[in-house]
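Given next are the chains, with one letter for each unit.
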Amino acid sequence: VVTNRARGPDGYFGGHRSAAYDYLDVTVSVPRDRDLGSIPISYRHPKPGKHFVMTESHDLRGRDGFRRSLSRAVAALPHQDREITVYVHGYNNSFSDGVFRTAQLMPDFDLHGLAVHFSWPSIPHPLVYAHDRYSLLFARHGPAPVPYTHLRPHENKAHFDPLLGYEKKSSPVSHPPHAHNQTP
């Protein structure tokens with residue numbers, strides 16, 4: 001996960017903006033017995049096997065740590081599975097919404113390889129559309145183009161599959177550079 005969400009006092013990523021990026025390796029338990037497209041969750045008593053649950057999260061210590069971790073993970077995959085799928089959520093999403101959706105998409109679409117989620121600072125409430133619109137622009141034109149400059153799929157000999165979030169009647173959440181869309 002790459003995010004420019006600010007951490008709240010509780011340590012969790014909220015909907016406010018940060019000028020710095022955080023890079024995380026997050027493991028999600030995905031229930032096997034569920035309907036395609038569904039994301040069963042429980043905020044009170046989450047149970048792996050029944051609910052989507054973030055079971056581990058490790059700070060990758062910056063962009064270089066992220067790139068090293070990604071390179072190691074890609075190198076460990078069989079050649080035919082060396083794909084990097086990027087998911088960028090749409091409006092009105094919390095940090096966990098986007099992480100769980102990314103985890104849900106991989107098995108539901110039978111995607112192989114690795115998933116990378118970019119979590120920009122959205123607030124999960126329909127009445128704060130203006131905040132999300134400004135946060136989207138901040139994320140797209142902020143400290144670095146999102147999140148493609150962090151991936152460098154050509155260095156990893158991986159195929160790059162962007163999977164983007166869209167909001168009705170607006171621009172896409174992110175625009176992948178065409179040069180990075182090809183397998184080297």
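Rules and cut-offs
- Residues numbered from 1 in each chain as written.
- Predicted model: local features only at pLDDT ≥ 70, side-chain atom pairs only at ≥ 80, totals over all residues.
- Heavy atoms only, no water.
- Phe/Tyr/Trp six-rings, centres within 6.5 Å; stacked < 30°, edge-to-face > 60°.
- Buried < 20%, exposed > 50% of the residue type's maximum accessible area, 1.4 Å probe, protein only.
- Pairing = 2+ DSSP bridges.
- Helix = DSSP H or I, 4+ residues; strand = E, 2+ residues; numbered from the N terminus.
- pLDDT = per-residue confidence, 0-100.
- Contact = heavy atoms within 4.5 Å.
- Core = buried A, V, L, I, M, F, W, Y, C linked by side-chain atoms within 4.5 Å.
- Polar contact = N/O pair within 3.5 Å; in protein donor to acceptor, adjacent residues only side chain to side chain.

(A) A look at the packing of aromatic side chains. All chains considered together, the criterion is met by 7 aromatic pairs. Considering the side-chain rings of Y21 and Y23, the 6.3 Å spacing of their centres and the 40° angle between planes classify their relative orientation as tilted. Overall, Y23 belongs to the buried group, its relative accessible area being 5%. Ring geometry for Y23 against F66: centres 5.5 Å apart, planes inclined by 40°, an arrangement best described as tilted.

(B) Here's a closer look at the pairing of strand 1 (residues 2–7). Taken together, the 4 bridges between strand 1 and strand 2 (residues 13–29) define a ladder with antiparallel strand orientation. Directly across from R7, in strand 2, lies its bridge partner F13. Connecting strand 1 to the next strand, strand 2, in antiparallel fashion are 5 residues, including G11 with a positive phi near 90°. Relative to strand 5 (residues 114–119), strand 1 runs parallel, the two being bridged by 2 bridges. By the bridge assignment, T3 is partnered in strand 5 with S119.

(C) Seen up close, the confidence of the model for the protein. Averaged over all residues, the pLDDT of the protein equals 81, while 76% of them reach at least 70. For residues 166–184, every residue scores under 50 in pLDDT, and the model assigns this stretch 40 contacts once sequence neighbours within four places are set aside.

(D) Just the nonpolar core, in detail. Counting residues in hydrophobic clusters, the biggest one holds 17 residues, and the most contacted among them are V2, F66, L70, V116, F118 and W120. Mapped onto this core, the elements with two or more residues apiece are strand 2, helix 1 (62–75), strand 4 (83–88), strand 5 and helix 3 (129–141). Counting 10 residues, the second-largest nonpolar core is a separate cluster that includes L24, F52, F100 and A103.

(E) Highlighting the side chain of S96. With respect to the helices, strands and loops of the structure, S96 is situated in helix 2 (residues 95–108). A distance of 3.2 Å separates polar atoms of two side chains, one belonging to S96 and the other to S94.

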